[in-house]
Amino acid sequence: MDLDKAIKSRKSVRHFADKKPNWRDIIECIDAAIFAPMAGNLFPLKFILVSDKEKIQKIANAAQQPFVGEAQYIVVVCSDSKIILNAYEQRAEKFCRQEAGAAIENFLLKLEEKGLKTCWVGYFVDYLIKEALRIPEEIDVEAIFPIGYESKKPGTARATRRKKELDDVLYFDEYKNKRMKKKESMEV
């Protein structure tokens, strides 16, 4: 799958088929996350691949979103900002969030390439996730990703639409400037 197709076809899926993905495919997708840019080439992220149905249900309850429990696997992304705290001090938390976003996008695009679906879940009760997975208190849970094949249940398909037009998000040289300056003619 080419990159443009993966970017444009990726979508959030909240209904999963009973078919269980190959866990090795998910490991390959996690491996793609490692190639994201990281400040100082320090990698503060950890990925937990959850297959235990009881733990999946605990995570779904912590997210207060029942569809999470339909997945055959869940990937929980965590970060340890102290890894980069010594190098970047007050910017460490910000860098951790940026790095998590970059790595997660690689992960999402690789899932799309593999034909696997997910939904980025950022709403959950942190301590319940940490308790279920024995995550230390000082580690941050960035997001959870239920993973599976999309269900073909009637009424679950959503129309693919462009979220925003480029014109709505692009400025030139300063905020709110929607026009590129005309290039001045070059004198010889």
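Residues numbered from 1 in each chain as written. Predicted model: local features only at pLDDT ≥ 70, side-chain atom pairs only at ≥ 80, totals over all residues. Heavy atoms only, no water.

Draft legend 1. Quick peek at the nonpolar core. Counting residues in hydrophobic clusters, the biggest one holds 24 residues, and the most contacted among them are I59, V68, V76, I129 and I144. Taken together, the elements giving at least two residues each to this core come down to α3 (53–63), β2 (73–79), α6 (126–133) and β4 (140–148). For this core, the leading source of residues is α3, giving 5 residues. Formed by 21 residues, the second largest nonpolar core is a distinct cluster that contains I26, A33, M38 and F47. (Core = buried A, V, L, I, M, F, W, Y, C linked by side-chain atoms within 4.5 Å. Buried < 20%, exposed > 50% of the residue type's maximum accessible area, 1.4 Å probe, protein only. Helix = DSSP H or I, 4+ residues; strand = E, 2+ residues; numbered from the N terminus.)

Draft legend 2. Broad picture of empty space enclosed by the protein. One pass over the full model with this rule turns up 1 cavity of 30 Å³ or more. Of the pockets and cavities examined, the largest cavity occupies roughly 40 Å³. Within the residue set of the lining of the largest cavity, elements represented by two or more residues are α5 (92–114) and β3 (117–118). By residue number, the principal contributor to the lining of the largest cavity is α5, which donates 3 residues. For the lining of the largest cavity, the per-class residue count stands at 3 nonpolar, 1 polar and 4 charged. (1 Å grid on protein atoms, 1.4 Å probe; cavity = no way out; pocket = protein on both sides within 12 Å on 5 of 7 lines; lining within 4 Å. Points joined across faces, edges and corners; volume = space filled by probe spheres on them. Nonpolar A, V, L, I, M, F, W, Y, C, P; charged D, E, K, R; others polar.)

Draft legend 3. Structural context of the sheet that holds strand β1 (residues 45–50). If you walk across this open sheet you meet the 4 strands as β1-β2-β4-β3, and the pairing is antiparallel. Of all the strands in the sheet, the pair left with one neighbour each is β1 and β3. Here β3 runs beside β4; their pairing, made up of 2 bridges, is antiparallel. The residue of β4 that forms the bridge with T118 is I147. Against the sheet, helix α2 (residues 23–33) touches β1, β2 and β4, its axis set at about 170° to β1. Sitting on the sheet, α3 touches β1, β2 and β4, and the angle it makes with β2 is about 60°. (Pairing = 2+ DSSP bridges. Contact = heavy atoms within 4.5 Å. Axes fitted to C-alpha atoms, helices over the stretch in contact; angles between N-to-C directions.)

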